[in-house]
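Structure at a glance
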Amino acid sequence: MKIINKLERKFGKFSVPNLTIYIILCYIAGYVIELINPALVYYISLDPAAILRGQVWRLVSWVLIPPSAIGGLDLFNILWIALILYCFYSIGSSVERAWGSFRYTLYIFSGIFFTVIGAFILYLVYGELLSSMMALSFSTYYINLSVFLAFAFSFPDMRILLNMVIPIKAKWIGYLDILYLANAFVHSGWAGRTAIIASVFNFILFFLCSRNVKPYTPKEMARKHKFKKQVNEGKKNFQNSQGAKHRCAVCGRTELDNPDLEFRYCSKCNGNYEYCQDHLFTHEHVK
């Protein structure tokens, strides 16, 4: 998407590397708050009426609310929470590596922004009393599910273990995620529906409305990495050659390696890149 590309060039320095770790730390803090004093959770919830009365910290503090209650600190719940957080870390980190820190940061924060906007719309529609009652229903749970969708889209053929046993392609997990969101939308209250709409809208904004997501697929990134590796090897080989007038930017061969090789410059590459006859028509154009 051209808009995102422009934003990345202008605001890329404001990205948050390893954002998934910070999200997990927020969840851990939320679980601790629930354990110490569950009543405190209300004072950090996303309540538009309270925000308009001056409690502006709620615009951010609601992300501390964990997706589900602890339900006790027995060994099973601790292990279950640790497993969920580990899975979220693995998936979120994979998406960040595939997209880059800026796009992943923008994806998470735009989901949070859309959820806040949805909460205020509910406040305008239902009034202060009902919006305050729905405040505790807001969390980043559905934003996390949208990260699963992003993972399934970016790595459709990657095999993961369902229930730690059954191997299944990520795209099928994505389909199950969509079905789960549809079912949750039907059976949730308006607070839950608003959060679902915000997360799905965020996913649509990044993918279905994007015209140029191919450069960020794992296959395309692997191809670019291979090309850069070939170029680097070619430069290394060129440094070892002496007196050569021509060098292929991909394989690094010169006329000293093979006097019969023909070399041409590519008019579509941005710069003076010369290629041998084997790579003139197969190389990736430098933009």
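Bear in mind the structure is a predicted one, so any value in this text is a computation, not a measurement.

**Considering the pattern of salt bridges**
One pass over the full model with this rule turns up 1 salt bridge. With its nearest N and O atoms 3.8 Å apart, the salt bridge here joins arginine 264 to glutamate 262.

**With respect to the confidence of the model for the protein chain**
With 79% of its residues at a pLDDT of 70 or more, the protein chain shows a mean pLDDT of 78. Across the protein chain, the secondary-structure element scoring lowest on mean pLDDT is helix 10 (residues 218–240), at 61, and the one scoring highest is helix 4 (residues 58–61), at 90. Long-range and interchain partners of residues 69–73, a stretch whose pLDDT sits below 50, account for 9 contacts in this model, where long-range means more than four residues apart.

**Here's the deal with the packing of aromatic side chains**
If you walk through the whole model with that rule in mind, you get 7 aromatic pairs. Pairing phenylalanine 114 with phenylalanine 201 gives two aromatic rings, centres 4.9 Å apart and planes at 80°, and the pair type is edge-to-face. In this pair, phenylalanine 114 sits in helix 6 (residues 101–133) while phenylalanine 201 sits in helix 9 (residues 190–206), placing the two residues 87 residues apart along the sequence. Assessed through its relative accessible area of 42%, phenylalanine 201 is described here as partly exposed. When the centroid spacing of 5.0 Å and the interplanar angle of 70° are considered together, the rings of tyrosine 141 and tyrosine 142 count as edge-to-face.

**Topic: a nonpolar patch on the surface**
A grouping of Ile21, Tyr22, Leu25, Ile28, Val32, Leu35, Ile36, Tyr86 and Tyr89 is seen on the molecular surface, where their side chains present a nonpolar patch of about 900 Å² in accessible area. Broken down by secondary-structure element, the contributors of at least two residues to the nonpolar patch are helix 2 (19–36) and helix 5 (75–99). Considering each element in turn, the nonpolar patch owes the most residues, 7 residues, to helix 2. As for its position among the elements, tyrosine 86 is in helix 5. For tyrosine 86, a relative accessible area of 56% puts it in the exposed group.

**As for the state of the cysteines**
Formally, a disulfide is one covalent bond, and it connects the sulfur atom of one cysteine to the sulfur atom of another. By the definition in use, this model includes 0 disulfides. Lacking any disulfide linkage, cysteine 251 is separated from the closest cysteine sulfur, that of cysteine 248, by 3.6 Å.

**Brief notes about the environment of tyrosine 22**
If you trace the backbone, tyrosine 22 turns up in helix 2. For tyrosine 22, a relative accessible area of 45% puts it in the partly exposed group.

**Regarding the packing of helix 8 (residues 170–187) against helix 9**
Interhelical geometry of helix 8 versus helix 9 gives an angle of 150° and a closest axis separation of 9 Å. If you check the angle between helix 8 and helix 9, you find them roughly antiparallel. As helix 8 runs across helix 9, the sense of the crossing is left-handed. Judged by residue contacts, Leu181, Ala184, Phe185 and Val186 of helix 8 engage Arg193, Ile196, Ile197 and Val200 from helix 9. A class-by-class count of the residues in the contact of helix 8 with helix 9 yields 7 nonpolar, no polar and 1 charged.

**Thoughts on the side chain of asparagine 144**
Along the chain, asparagine 144 falls in helix 7 (residues 141–154). Looking at asparagine 144, the relative accessible area reads 9%, which means it is buried. If near-sequence neighbours (up to four positions away) are discounted, asparagine 144 is found in contact with Tyr27, Pro67 and Phe88.

**Regarding the nonpolar core**
Judged by nonpolar contacts, the single largest core of 46 residues is most densely connected at Trp62, Trp99, Tyr107 and Ile108. Sorting the residues of this core by element identifies helix 2, helix 5, helix 6, helix 7, helix 8 and helix 9 as the ones contributing at least two each. Filtering out sequence-adjacent residues up to four positions away, isoleucine 108 remains in contact with Leu19, Ile23, Ile143 and Val147. Cys248, Ala249, Val250 and Phe263 belong to the second largest nonpolar core, which has 10 residues in total.

**Considering the packing of helix 7 against helix 8**
Where helix 7 contacts helix 8, the two axes come as close as 8 Å, and the packing angle between them is 150°. Between helix 7 and helix 8, the angle is such that the two are roughly antiparallel. The crossing of helix 7 and helix 8 is left-handed. Listed contacts from helix 8 to Tyr141, Tyr142, Leu145, Phe148, Leu149, Phe151 and Ala152 of helix 7 are Ala170, Lys171, Gly174, Asp177, Ile178, Tyr180, Leu181 and Ala184. Here the contact of helix 7 with helix 8 is composed, by residue class, of 12 nonpolar, 1 polar and 2 charged.

**Side note on helix 2**
For helix 2, built from 18 residues, the straight-helix expectation of 26 Å at 1.5 Å per residue is met to within 8% by its first-to-last C-alpha distance of 26 Å. Residues of helix 2 that are buried: Leu19, Thr20, Ile23, Ile24, Tyr27, Gly30, Tyr31 and Glu34. Projected down its long axis, helix 2 shows its buried positions confined to an angular sector of 140°, all on one face.

Reading guide: rules and limits
- Residues numbered from 1 in each chain as written.
- Predicted model: local features only at pLDDT ≥ 70, side-chain atom pairs only at ≥ 80, totals over all residues.
- Heavy atoms only, no water.
- Salt bridge = Lys/Arg side-chain N within 4 Å of Asp/Glu carboxyl O.
- pLDDT = per-residue confidence, 0-100.
- Helix = DSSP H or I, 4+ residues; strand = E, 2+ residues; numbered from the N terminus.
- Contact = heavy atoms within 4.5 Å.
- Phe/Tyr/Trp six-rings, centres within 6.5 Å; stacked < 30°, edge-to-face > 60°.
- Buried < 20%, exposed > 50% of the residue type's maximum accessible area, 1.4 Å probe, protein only.
- Patch = residues over 30% accessible without salt bridge, like charges linked within 9 Å, V, L, I, M, F, W, Y side chains within 5 Å.
- Areas by Shrake-Rupley, 256 points an atom, 1.4 Å probe, with all protein chains shown as cover.
- Disulfide = S-S within 2.5 Å.
- Axes fitted to C-alpha atoms, helices over the stretch in contact; angles between N-to-C directions.
- Parallel < 35°, antiparallel > 145°, perpendicular 65-115°, else oblique.
- Left-handed = near helix turned anticlockwise from the far one by under 90°.
- Nonpolar A, V, L, I, M, F, W, Y, C, P; charged D, E, K, R; others polar.
- Core = buried A, V, L, I, M, F, W, Y, C linked by side-chain atoms within 4.5 Å.
- Expected span 1.5 Å × (residues − 1).
- Arc of directions from axis to C-beta.

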